[in-house]
Amino acid sequence: MASGILRVAKQSGILLATVIMVFQLAGCGDKEAEQSKAFSDFLQNTVMRSGPQLPTLSENQKKNFGNFAGDYAILYGFSQQLNKAINDGIRPVTDELSAIKVPADYQSHRDTLRQAAGALNVVTQQVQNARNLADSSKSSLKLPADLQKTYDAAYAKVVTQPANSVLPLLPQLQALSRSVIDTGDFLQAQNNSVSFANNNVQFATQDQVKQYNTLVADIASAAPVLVQLKTAISNVQ
């Protein structure tokens with residue numbers, strides 16, 4: 001009889017342990033669901049409705065989001081890198097180009113523009129690398145179905161759309177900068193045979209006029225990118 005009671009007691013213990021394990025697993029599932037909902041609400045109410053500048057997560061938010069805080073880091077990381085590229089590499093070029101108002105400015109701004117534009121190739125690669133890293137990180141995520149849709153929308157707003165609007169314009173900005181620098185170098189090379197008066201430029205020979213007009217025509221054909229890029233930047237920042 002004792003052995004029978006002992007056997008029942010052992011079986012009951014096993015059953016109790018099993019029930020406890022089920023409750024523990026259910027508790028983990030409930031916690032992850034709460035974290036998923038908290039993160040989804042944050043994406044919908046903050047990321048999707050706020051301006052282009054993403055906020056840094058507070059310690060309380062990191063706790064509430066759990067592992068999903070790492071998924072936000074993908075969005076935040078790309079946004080920070082793109083803003084740095086714009087402020088340190090792209091805006092100095094657009095500012096120099098925007099400062100050119102009259103023919104004499106081609107000559108006076110050519111060296112500072114040359115220096116600023118020299119970083120464009122590196123900046124372009126940095127933005128592309130940041131995009132590639134974000135895409136790769138996103139592809140490895142395993143999100144709940146209801147959160148996936150919200151995250152995809154936030155990712156499109158923060159990563160895909162800004163990258164698609166800025167990256168294709170950078171080679172065109174490089175071409176415009178090169179045309180402006182070439183024009184400045186041409187004016188510098190003319191020495192005393194060129195003069196500036198009343199916001200105009202005067203040359204000693206017709207051949208100089210022809211060369212200058214060709215250079216300015218190249219600038220005019222490439223110039224629209226400046227407005228396009230300023231618009232793209234304003235949407236990002």
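On a predicted model such as this, the values are computed, not experimentally measured, just so you know. The numbers attached to residues start from 1 for each chain and follow its sequence in the written order. Local features in a predicted model are, by the rule used here, given only for residues with pLDDT of at least 70; side-chain atom pairs are given and counted only at 80 or more, and totals for whole chains, interfaces and linings are based on all residues. Hydrogens and water are ignored here; the side-chain numbers use all heavy atoms of the structure.

Draft legend 1. How the structure looks around the side chain of Gln-174. The way it works is that DSSP assigns letters per residue, a run of H or I at least four long becomes a helix, a run of E at least two long becomes a strand, and they are numbered from the N terminus. By the element assignment, Gln-174 lies in helix H8 (residues 170-189). Here the side chain of Gln-174 touches Asn-121 through a polar contact of 3.2 Å, side chain to side chain. In the analysis that follows, any N or O atom pair within 3.5 Å is treated as a polar contact, provided that within protein one partner can donate a hydrogen and the other can accept it, and provided that, for residues neighboring in sequence, both atoms belong to side chains.

Draft legend 2. Molecular detail of the environment of Ser-98. You can see Ser-98 is positioned in helix H3 (residues 68-98). Spatially, the C-alpha atoms of Ser-98 and Val-227 are 9.7 Å apart, while their sequence positions differ by 129 residues. Only heavy atoms matter for contacts: two residues are in contact if any of them lie within 4.5 Å across the pair. Residues contacting Ser-98, with those up to four places away along its chain left out, are Leu-226 and Lys-230. Within polar-contact distance, the side chain of Ser-98 engages the side chain of Lys-230 at 2.6 Å.

Draft legend 3. Up close: the confidence of the model for the chain. As a per-residue quantity, pLDDT reports the predictor's confidence and falls between 0 and 100. Residues of the chain with pLDDT of at least 70 account for 88%, and the chain-wide mean is 89. Within the model, pLDDT remains below 50 along residues 1-28, and this stretch shows zero contacts once partners closer than five positions in the same chain are excluded.

Draft legend 4. Spotlight on the packing of aromatic side chains. For Phe, Tyr and Trp, rings pair up if their centres lie within 6.5 Å, where Trp contributes its six-membered ring, and each pair is then called stacked (planes under 30 degrees apart), edge-to-face (over 60) or tilted (otherwise). With the rule as written, the count across this model stands at nine aromatic pairs. When the ring of Phe-42 is compared with that of Phe-65, the centres are 5.2 Å apart and the planes differ by 45 degrees; the resulting orientation is tilted. Placement of Phe-42 in helix H1 (residues 2-47) and of Phe-65 in helix H2 (residues 59-65) is noted, with a sequence separation of 23 residues between them. Of the two residues, Phe-42 and Phe-65, neither departs from the other in class, the shared state being buried. Feature note: the residues Phe-39, Phe-42, Phe-65, Phe-68, Tyr-72, Tyr-76, Tyr-151 and Tyr-155 constitute an aromatic cluster, connected by ring pairs. We note Lys-138 situated over the ring of Tyr-155; from NZ or CZ to the ring centre the distance is 5.3 Å. Relative accessibility decides the category of a residue: with a 1.4 Å probe and only protein chains considered, values under 20% of the type maximum give buried, values over 50% give exposed, and everything between is partly exposed. Any Lys NZ or Arg CZ found within 6 Å of a ring centre and within 35 degrees of that ring's normal is scored as a charge over the ring.

Draft legend 5. Quick peek at the layout of surface pockets. Both site types are read off a 1 Å grid over the protein atoms alone. A 1.4 Å probe that fits but cannot get out defines a cavity, while an open set with protein on both sides within 12 Å along at least five of seven lines defines a pocket; lining residues have an atom within 4 Å of a point. Grid points are joined across faces, edges and corners, and a volume is the space filled by probe spheres set on the points. Volume-wise, the largest pocket comes out at about 170 Å³. Lining of the largest pocket is provided by Leu-97, Ser-98, Ile-100, Lys-101, Val-102, Pro-103, Tyr-106, Leu-176, Val-180, Ile-219, Ala-223 and Leu-226. Across the lining of the largest pocket, the residue classes break down as 10 nonpolar, one polar and one charged. Residue polarity follows a fixed list, in which Ala, Val, Leu, Ile, Met, Phe, Trp, Tyr, Cys and Pro are nonpolar, Asp, Glu, Lys and Arg are charged, and the others, Gly among them, are polar.

Draft legend 6. Seen up close, unusual backbone geometry. In the Ramachandran plot, Asn-191 falls in the positive-phi region, its phi being about 55 degrees despite a non-glycine side chain. Counting through the fold element by element, Asn-191 comes out in the loop between H8 and strand E1 (194-197). With a relative accessible area of 56%, Asn-191 lands in the exposed category. Of note, Asn-199 is a non-glycine position whose phi angle comes to about 60 degrees, a positive value. With respect to the helices and strands, the residue Asn-199 is situated in the loop between E1 and strand E2 (200-203).

Draft legend 7. Looking closely at the side chain of Thr-150. Position of Thr-150 relative to the elements: it lies in helix H7 (residues 145-166). Among the residues examined, Thr-150 registers a relative accessible area of 10% and is labelled buried. Within the structure, the side chain of Thr-150 is placed 3.5 Å from the side chain of Ser-40, a separation counted as a polar contact. Every residue in contact with Thr-150, bar those within four places of it in the chain, is listed here: Ser-40, Leu-43 and Gln-44.

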